[in-house]
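Below are the chains, spelled out letter by letter.
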Amino acid sequence: MFVKKLVEKASKKQPVGSSDGLKSQDVDPQLVFHYGIPGGSILFAYDSIQKILAIATRDGRIKLFGKDNTQSLLESNGTVPSKFLQFIENQGILLNVTAENHIEVWDIDKKLLSYMHISQEEITSFMVLQRSFFMYLGDSLGNISVLKLEQEPCQMMQMKYTIPSTASRGNPTEVAGGTAVMHILPQPTAESKRVLIIFRDGLIVLWDIQESKVIFKTGVNMLQPLSYETKTVISACWACPFGGKVVVGYNNGEVLIWNVPPITNPSNRAAADKELYSSHNAPMYKLNLGYKSEKIPIASLKWAYADGKASRLYVMGGCDVQSANLLQVILLNEQTESRTIKLGVHLPEPCVDMVIISSSNEQSKHSQDSFLLLGKSGYMYAYDDCVIEKYLLQYQSRSSPSLPKEIMVKLPFSDSSITIAEFITDNPDSLNSPDKDFISLAKSIPPFLPSEAKPNDETRLNSTNFGGLAKIKNLYITGHSNGAIYFWDLSCPFLLPILSVKQQSEDDLSLSGIALTALYFDRDSHCLISGDQSGMVRIFKFKTEASGTATSFISLQGSTRKGSNHVVQSIKLIKVNGSVLSINISRGSRHLAIGSDRGYVSLIDMEGPSLLYQKHIGSELSTGVISVRFETCILHGFEKNVLAVATKDSSVLALDSDTGNTLSTSMIHPKKPSKALFMQILGGHDAFGKGSYTSENIDLNKGNYVEDSKQLLLLLCSEKAAYVYSLTHVIQGIKKVHYKKKFNSCCCCWASTFYTPSDAGLVLIFTNGKIEIRSLPELSLLKETSIRGLALSTSKSNSLSNSSICSSRDGELIVVNGDQEMFALSILLQNEIYRLLDSASHVYRKDLVVSQEGLISGPIVHKERKKGIFSSVIKSSKTKHVPDMEAEDAKESIEELSSIFSVANFPSYAGKGDNLETDEEEVELDIDDIDLEDPGEKAKGQNMMAALNKQKLTSKFQALKGKLKQVKFKNEKSSTKEEQQDEKAGAVDQIKKKYGFPTSGESSVFKMAESKLNENLRKLQAVIDDGARVKKKRAGGY
């Protein structure tokens, strides 16, 4: 029996056009472009110079948004979430720290992963030192290391400079896990000199980079009892333009403001330090915002500086707590003299991150800022930050300010979601417009991000013109939940709106408000047929000029104001029984077949329109008709017009399309039925269409396939399997499966066929994002791949799906996931149908790098005025002086940092982490380490070496001193006679001996070396001071 079946299968006649069949090398399923906000977004990063917004996801994707509607998608090697995401601003570099403690270096100009650094420790904090290629890494052990990014070749270098926990914290903490470094904040106006370190247990340390020592400690109340509630740090940010105040958020809901000594001139430093140290164990101010009473952890803090009295603090509570008070904005500046002014923003859902982005208008000096939030579900919400600022400033005025309005950032699909869509790409009559026209249109359409909106965006959109529907290369038609229909040009990787049809009839121009469930566009007859949930079928006949035979232009503005009378020639309505699920047209008779969710098949004459017949399909499980297909075949020597019908429970049968009588003696269905997704007749006119077969197999007048019906096969795809039947067997009611493929690994959620000039294939999309390409009719696997982020779900019964998928005949797929993202997928190899893919994904602009070369100095800030909330409200913060701030020279400071970071400031820690053992190797002291030349005579670029030489000399001296101690201890143990002599020594020498210091009886060689070193250090310090004075005089002369 097995041999007989094998021979029968081998001897089967192959369908026309499939002699060779589709091969694996012919297909290459891939993501062509991504539009919108990726699902599972969790983290923001923003380049304030390039105006690039980056969004990281839970599955290792990073989406980039640039100017002029440019978008790009990056994919990490692993599907792991991001912990930290930061730009090296204006350099085209994005750094991504993953949950696996891998640091990815992305070249956003080339859109590729340039380098990956693997950290051996758990990274708990990460900070890029802007205007440089240095970055700080804090780990769970309390240590901080310094990395430098080398660009040619791209690699990450571990610097010798380090900040060990024993040097920054001192004695080990008693709190388990409290040593982890949570935040590393370079001090404003002194980024290359100082860095603020905040540990998990609340300890705040100000570290002097050049001196390699702690110059200030605060954050932990030394007087609090041991039984006091333990709290840990979660978030922190500066609240002062020159680093005088830091805001810290804790897991118990507290928000505290701590004083930090800003960098001052040497003449004022002593007074400032004395005042700050007098009360550094207590916070400067405590913000009572209600988080502590509800036990809401402070997940994120952002401070927006504004010149004047508009500076404000954004406080966001944790996303795991349900509360109406999760986000608050507080007016926090030096001029506020009354009670705290705050704005409670009621969020639709808990949020995971926030950022403020800006957009400067070339015609205006003002910038438009937007406050963006990422919801826990992955949706993005936007607020006009100017409205927030205005509300806070006018809060105490007589006029009541208007509350800021929330905007959900989503695809430009009006106020409704897509419920059904069609995609047409095989248009031989499309216009070949120059690329510059599309580039101009891309700048004219409304931007995706609110901050990019321009005042005249609406006007530009309303004046968008097109040359007719038939002149569009890639036509995308969407039906919406409110009954509207939109036409889009997808010739480029952005949605260009063309036309909207919202009227219900020729007399009623309003929206129906009923979701559309089916669409069918016939380009040849200039007709669009739509069906909705109520069973209403509308037949739109477009005017000839709208279809493209004329060259007139039609604006979107007209279609929204006047209805569609200037575009639509006629609208015909007819009602069927049940929600419309499927639509098909018979090209020969101009009849329209409609399948509904109640199991009715209706045949409609489009000219009337009039209902010719309505047939109810009885089914055991589900009666919904998911597909209807017209076909003409030869049966028993006679030509027969057949209407194939597929129901939701995977049953198929055949009707006489002329009368509606059932041809099948019984319905054909699998033993274990599952939800049907797709049905197609293989080898028929509806599959391959005009121009796909030769005249031997096509009746060109009728457009119908008249080959022997034995060659016609019926393909049925369900969630669990795919089946290929003979159409003749379906008509006869004989259940005989020619080919079958079960889906064992995952549930299939969508299926369709695609065509090449000679062959056909099947594309299947599964709920886990996997895509399979299979041959027809054999259903053999040609290729499979997975599209990251393409997580879909099957729609429940009598409910609309959250996703919309449609495909063109040549294998171009458009997948819309909710209201926030769209995937454009291509199945065939080298089938390039989109234009401007490179320019539309180019978010980085090199021209800005050149224009910003002279802007590398630090930000200009005004002198701090000690009044308002930081003085009148907090009595302990009064001061009698104003610290004199000096903005540092960024370029020179970075050069100096490079020399400092290149030397091991703690040699015993270099490459050892927390290893405290002393190096046993001999420490050599070279007199050449001391540079006593006049800095004024040195070449340019060498003046920063003085600090390096001093640092190197000091470290060697300390090592030598440790050697002296070791030798001393060895000598103590070597001889009992020396111990007896020590007992007779003087009291002073005994004390020195006990603590390891040299006594009067030590060798004079070591004493001479130490004396010589001290003398050289004094000389070196004098040279450095002289050089600094010369440098200051030169700077004052320009």
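Residues numbered from 1 in each chain as written. Predicted model: local features only at pLDDT ≥ 70, side-chain atom pairs only at ≥ 80, totals over all residues. Heavy atoms only, no water.

Considering the overall build of the protein
Going by this rule: What counts as a helix is a DSSP run of H or I of at least four residues, what counts as a strand is a run of E of at least two, and both are numbered from the N terminus. Buried means the residue's accessible area, taken with a 1.4 Å probe over protein chains only, is under 20% of the maximum for its type, while exposed means over 50%, and partly exposed covers the values in between. The contact rule is simple, with two residues in contact once any of their heavy atoms fall within 4.5 Å. Using a 1.4 Å probe, the Shrake-Rupley method yields the accessible areas, and only the shown protein chains count as cover for residues.
Helices and strands together make up the secondary structure of the protein, namely 17 helices and 57 strands. Per-residue burial for the protein yields a buried fraction of 52% across its 1038 residues. Long-range pairs, those at least 24 residues apart, make up 59% of the contacts in the protein between residues at least 6 apart in sequence. Counting only carbon and sulfur atoms, one obtains 50% of the accessible surface of the protein, whose full area is about 47700 Å².

Quick word on the sheet that holds strand β10 (residues 123-129)
As a reminder of what qualifies: Only strands that DSSP links by at least two bridges are regarded as paired with each other. Axis lines are fitted through C-alpha atoms, for helices just across the contact stretch, and the angle between N-to-C directions can take any value from 0 to 180 degrees.
Taking strand neighbours across the sheet as the criterion, the four strands line up as β10-β11-β12-β13 in an open arrangement whose pairing is antiparallel. A single partner strand is all that each edge strand has here, and the edge strands are β10 and β13 (154-163). Adjacent strand axes in the sheet meet at a mean angle of 25°, parallel and antiparallel pairs treated alike. As paired elements, strand β11 (residues 134-139) and strand β12 (residues 144-151) share five bridges and run antiparallel to each other. Residue pairing across strands places F134 opposite K148, the latter belonging to β12.

Quick word on the pairing of strand β45 (residues 676-682)
Of all seven residues that make up β45, six are buried, and the element is covered over most of its length. Bridging between β45 and strand β48 (residues 713-718) involves six bridges; their strand directions are antiparallel. Residue pairing across strands places F678 opposite C717, the latter belonging to β48.

Points about the nonpolar core
This is how the line gets drawn: Nine residue types can take part in a nonpolar core, namely buried Ala, Val, Leu, Ile, Met, Phe, Trp, Tyr and Cys, and a core is a set of them joined through side-chain atoms within 4.5 Å.
One finds V246 and F901 to be the most contacted residues of the largest nonpolar core, which totals 40 residues. Tallying contributions element by element places strand β15 (residues 194-199) first for this core, with five residues. When near neighbours in sequence (up to four residues on either side) are disregarded, V246 contacts L185, L196, I198, I204, C237, W238, A239, L256, I257, W258 and V260. Judged by nonpolar contacts, the second largest core, of 39 residues, contains I357, L374, V816 and A824.

Some thoughts on the pattern of salt bridges
Close approach of charged atoms allows side chains with opposite charge to pair. The condition that has to hold: Criterion for a salt bridge: a side-chain nitrogen of Lys or Arg within 4 Å of a carboxyl oxygen of Asp or Glu.
Across all of its chains, the model carries 17 salt bridges by this definition. With a closest N to O distance of 3.5 Å, E389 and R312 form a salt bridge. Linking E389 in helix α4 (residues 385-393) with R312 in strand β23 (residues 312-317), this pair joins segments that are 77 residues apart in sequence. A residue is classified by how much of its surface remains accessible, and E389, at 25% relative accessible area, is partly exposed. On the basis of relative accessible area, R312 is assigned to the buried category, the value being 4%.

Remarks on a positive patch on the surface
This is how the line gets drawn: Put simply, a patch holds well-exposed residues, over 30% relative accessible area, that have no salt bridge, with like charges counted together within 9 Å and Val, Leu, Ile, Met, Phe, Trp or Tyr side chains within 5 Å. The charged-residue count follows a simple rule in which Lys and Arg add positive charge and Asp and Glu add negative charge, with His and chain termini not counted at all. The location of each charge is read from NZ of Lys, CZ of Arg, CG of Asp or CD of Glu.
A contiguous patch of positive charge on the surface is contributed by K671, K672, K735, K740 and K742. Mapped onto the fold, K740 is located in strand β50 (residues 737-742). Given a relative accessible area of 45%, K740 falls into the partly exposed group.

Details of the sheet that holds strand β40 (residues 600-605)
Strand order in the open sheet made by the four strands is β38-β39-β40-β41, with antiparallel pairing throughout. Lying at the two open borders of the sheet, with one neighbouring strand each, are β38 (580-586) and β41 (610-616). Averaged over all pairs of adjacent strands, the angle between strand axes in this sheet comes to 20°, irrespective of strand direction. Pairing geometry for β38 and strand β39 (residues 591-596), over six bridges, is antiparallel. Each bridged residue has a counterpart across the sheet, and for V580 the counterpart in β39 is S596.

A closer look at the environment of M606
Along the polypeptide, M606 turns up in the loop between β40 and β41. C-alpha separation for the pair M606 and I574, spaced 32 residues apart in sequence, amounts to 9.8 Å. The contacts of M606, once residues within four sequence positions are left out, are C527, I529, I539, K572, I585, R590 and L592.

Points about the state of the cysteines
The criterion, for reference: Cysteine sulfur atoms are paired as a disulfide whenever they come within 2.5 Å of each other.
Taken as a whole and judged by the stated rule, the model has zero disulfides. Free cysteine: C717, not disulfide-bonded; nearest cysteine sulfur from C748 at 6.7 Å. Cysteine C746 remains unbridged, with the sulfur of C747 as its closest cysteine sulfur at 6.5 Å.

Thoughts on unusual backbone geometry
As a rule of thumb, non-glycine residues mostly have phi less than zero, and peptide bonds are mostly trans rather than cis. With an omega dihedral of -10°, the bond running from E152 to P153 counts as a cis peptide bond. On the secondary structure map, P153 appears in the loop between β12 and β13. If you check the backbone angles, N69 has positive phi at about 65° while not being a glycine. Among the secondary structure elements, N69 is positioned in the loop between β4 (61-65) and β5 (71-75). A positive phi angle, close to 60°, is found at L836, a residue other than glycine. Residue position: L836 is located in the loop between β57 (821-828) and α11 (837-840).

With respect to the packing of aromatic side chains
Filter applied, for reference: Two rings belonging to Phe, Tyr or Trp (six-membered ring only in the last case) form a pair when the distance between their centres is within 6.5 Å. Interplanar angles under 30 degrees mark stacking, angles over 60 mark edge-to-face geometry, and anything in between is tilted. Lysine NZ or arginine CZ positioned within 6 Å of the ring centre and within 35 degrees of the ring normal marks a charge as sitting over the ring.
Following the criterion strictly, the structure yields 14 aromatic pairs and no others. Ring geometry for W207 versus F906: centroids 6.4 Å apart, planes at 40°, classification tilted. Here F906 lies in the loop between α13 (890-901) and α14 (945-974) and W207 lies in strand β16 (residues 204-208), a separation of 699 residues in the sequence. Pairing F371 with Y383 gives two aromatic rings, centres 6.4 Å apart and planes at 40°, and the pair type is tilted. With F371 in strand β27 (residues 367-375) and Y383 in strand β28 (residues 380-384), this pair connects stretches of sequence that are twelve residues apart. Both residues of the pair, F371 and Y383, count as buried. One aromatic cluster in this structure is built from F134, Y136, Y161 and F901. Just above the ring of Y250 sits the side chain of K231; from NZ or CZ to the centre is 4.5 Å. Taking NZ or CZ as reference, K770 lies 4.7 Å from the ring centre of F766, over its face.

Looking at the environment of A515
Mapped onto the secondary structure, A515 falls in the loop between β33 (496-501) and β34 (516-522). On the basis of relative accessibility, which here comes to 5%, the residue A515 falls in the buried class. Counting along the chain gives 34 residues from A515 to S481, while the straight-line C-alpha distance between them is 3.8 Å. Apart from residues lying up to four places away in sequence, A515 is in contact with T419, H480, S481, D532, Q533 and L800.

Examining the confidence of the model for the protein
Using the following cut-off: pLDDT runs from 0 to 100 and stands for how confident the predictor is about each residue.
On average, residues of the protein carry a pLDDT of 77, and 69% of them reach 70 or more. Throughout residues 853-884 the model reports pLDDT below 50, and contacts reaching past four residues in sequence, or to other chains, amount to 68 contacts. Counting contacts from residues 1000-1005, a segment whose pLDDT is below 50, to residues more than four positions away or on other chains yields three contacts.

Some points on α4
In plain terms, the rule: Read the arc as the range of directions from the helix axis to the C-beta atoms. For this analysis, a polar contact is any N or O atom pair within 3.5 Å, provided that within protein one partner can donate a hydrogen and the other can accept it, and provided that sequence-adjacent residues contribute only side-chain to side-chain pairs.
Three or more residues of α4 are buried, namely D385, I388, Y391 and L392. Projection of α4 onto a plane perpendicular to its axis shows the buried side chains occupying an angular sector of 120°, all on one side. The opening residue of α4, the one whose side-chain oxygen lies 3.0 Å from the backbone nitrogen of C386, is D384.

Brief notes about the pairing of β5
The sheet contact formed by β4 and β5 spans five bridges and is antiparallel. Each bridged residue has a counterpart across the sheet, and for F65 the counterpart in β5 is Q71. The turn joining β4 and β5, which pair antiparallel and follow one another in sequence, is formed by five residues; a positive phi near 55° is taken by D68.

Concerning the environment of V205
Along the chain, the position of V205 falls in strand β16. The contacts of V205, once residues within four sequence positions are left out, are S168, V195, L196, I197, F199, V214, F216 and K217.

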